Amino acid sequence: MAATRTRVSSFSRNVSTGTSQNSGLKHGPNGTTFISSGIPDLDKILGGGFSLGSLVMIMEDAEAPHHMLLLRNFMSQGLLHKQPLLYASSASRDPKGFLGTLPAPASAKEEKTRDLTNEKDLRIAWQYKKYFGDPQLNINSNNGAQHDYCNDFDLRKPLERHFYSGKNADCVSIQDSTNLTSLQDQCAGFLSQFSRNEANISSAGRIAIQSFCSPQCKYANMEWHMLSFIRSLKAMTRSSNAAVVVTFPPSLLSPSCSKRLQHMADTLLSVRAIPDEDKDMARLLTGYQDMVGLLNVHKVARLNTQVPVILEATTFSIKLQKRRYLILECLNQAPVDGSSGSSYNTSGSCSGSTKAGSLDF
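What exactly am I supposed to notice about the pattern of salt bridges here?
When charged atoms on two side chains of opposite charge get close, those side chains can pair. This structure, assessed with the given rule, holds 6 salt bridges. The residue Arg238 makes a salt bridge to Asp266 at a minimum N-O spacing of 2.8 Å. Of the two residues, Arg238 is situated in helix H5 (residues 223-238) and Asp266 in the loop between helix H6 (255-264) and strand S14 (267-273); the sequence distance between them amounts to 28 residues. Glu329 is the salt-bridge partner of Lys319, the closest N and O atoms lying 2.9 Å from each other. With a gap of 10 residues between them, Lys319 in strand S16 (residues 315-321) and Glu329 in strand S17 (residues 325-330) connect regions that are remote in the sequence. Given a relative accessible area of 15%, Glu329 falls into the buried group.

Mind showing me how you'd approach the pairing of strand S15 (residues 291-299) here?
The two faces of a sheet get side chains in turn, since along a regular strand they alternate between them. Here 6 bridges tie S14 to S15, and the two strands are oriented antiparallel to one another. Counterpart to Val271 in the pairing with S15 is Leu295. Bridge count for S15 against S16 is 5 bridges, and the pairing is antiparallel. Across the sheet, the residue bridging to Gly293 is Ile318, located in S16.

I'm lost on the nonpolar core in this one. Help?
Nonpolar side chains tend to gather and get buried jointly when the protein is soluble and globular. The biggest cluster of nonpolar side chains holds 45 residues, and the ones touching the most others in it are Leu42, Phe50, Leu70, Met75, Leu295 and Val297. In terms of residues, this core owes the most to one element, helix H2 (residues 67-80), which gives 8 residues. In this structure Met75 touches Leu85, Tyr87, Phe98, Leu99, Leu102 and Ala208, once residues within four positions along its chain are discounted. Formed by 35 residues, the second largest nonpolar core is a distinct cluster that contains Cys187, Ile207, Ile209 and Val246.

Would you mind going over the sheet that holds strand S12 (residues 205-210) with me for this structure?
Adjacent strands of a sheet form backbone hydrogen bonds with each other and so pair up, either parallel or antiparallel. Read from one edge to the other, the open sheet built from 9 strands follows the order S11-S6-S12-S13-S5-S14-S15-S16-S17, with strand pairing classed as mixed. The open sheet has two edge strands with one neighbour each: strand S11 (169-173) and S17. Neighbour to neighbour, the strand axes of the sheet diverge by 20 degrees on average, direction disregarded. Sheet topology places S16 next to S17; 6 bridges connect them, and they run antiparallel. What sits directly across from Phe316, in S17, is Cys330. Set on the sheet, H2 makes contact with strand S5 (55-59), strand S6 (85-89), S11, S12, strand S13 (242-248), S14, S15, S16 and S17; between it and S12 the angle comes to about 155 degrees. Along the sheet face, helix H4 (residues 181-191) touches S6, S11, S12 and S13 and points at about 160 degrees away from the line of S12.

What should I look at first to understand unusual backbone geometry in this one?
For residues that are not glycine, phi is negative in most cases, and the peptide bond is trans in most cases. A positive phi angle, near 50 degrees, is found at Ser211, a position not held by glycine. Accessibility expressed as a relative area gives 11% for Ser211, which makes it buried. Positive phi outside glycine occurs at Asn304, with the angle close to 60 degrees. Along the chain, the position of Asn304 falls in the loop between S15 and S16.

Basis of the calculations
Residues numbered from 1 in each chain as written. Predicted model: local features only at pLDDT ≥ 70, side-chain atom pairs only at ≥ 80, totals over all residues. Heavy atoms only, no water. Salt bridge = Lys/Arg side-chain N within 4 Å of Asp/Glu carboxyl O. Helix = DSSP H or I, 4+ residues; strand = E, 2+ residues; numbered from the N terminus. Buried < 20%, exposed > 50% of the residue type's maximum accessible area, 1.4 Å probe, protein only. Pairing = 2+ DSSP bridges. Core = buried A, V, L, I, M, F, W, Y, C linked by side-chain atoms within 4.5 Å. Contact = heavy atoms within 4.5 Å. Axes fitted to C-alpha atoms, helices over the stretch in contact; angles between N-to-C directions.

In structure tokens form, the structure reads like this:
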């Protein structure tokens, strides 16, 4: 078995460290098996990654394509582990070319440098430590530069062609589709390869659907047809050893359709860009100058259990360290008038104003 290393993390959820025979999978509580999101911090936030058999939906921001950061890492991680991938795109008639934009894993030397930088940059002043509590240990399996479960990706380096030029990657364009029948058949055929067998999981699959409900698609005004497709996709995914990630623009849908899509997701995330010059937010949050966006966790998959998942925080900052590495951090409230704020920001209601309102926290 690969040697283990310990790292201190700001996320203190207990994560099972048992690893399955398949290097790209991890066993969790209640018989749940996880597949990596391709982002180490997101795996920690969700308690291990994306659950096999779950539907993950990401709400896009109309102002910036930050959802593509998550989608690219998810796809690259699967290709590195030789997990079959089905990619459906509404943005291009030739989605195969998109695979050339996927990020490559960072080298062992780059990861070591990044870890040392993180430890230095994330050092907390002594007067704020009491608000964070004791950090928990997080154990990751590592074998040199090859990770058994999740990699750090360098967004400036493209993934080597041999990872996606074989039979592992199948690409579909849905831009000119008049309906979703063909895509549904392709998803059904793909997922049938990974029929669930709890005794032995020899392989797992990944489906990535980009900008579902995009106005370029001819079915974009057929909301009930789209809802029916997602309902069917969720049912097929639940009985398979695969994880499905779908991004969609909620601002282009009717409120009722958007709410129904969100309700059907097992794990629901949203991304939002932040303005370059927002002085109020810059005063409120520490490290604002390094942020490129915000990630909200609205729902975490709850499979094989009726116990709700309670996160320590639901809003995280998206940062690109050295413009290369994607990291997520809990939002830290900057001191206001010399006082220390909470280490986590779980709502957008914080204010730098010193005037007392009807609700004085």
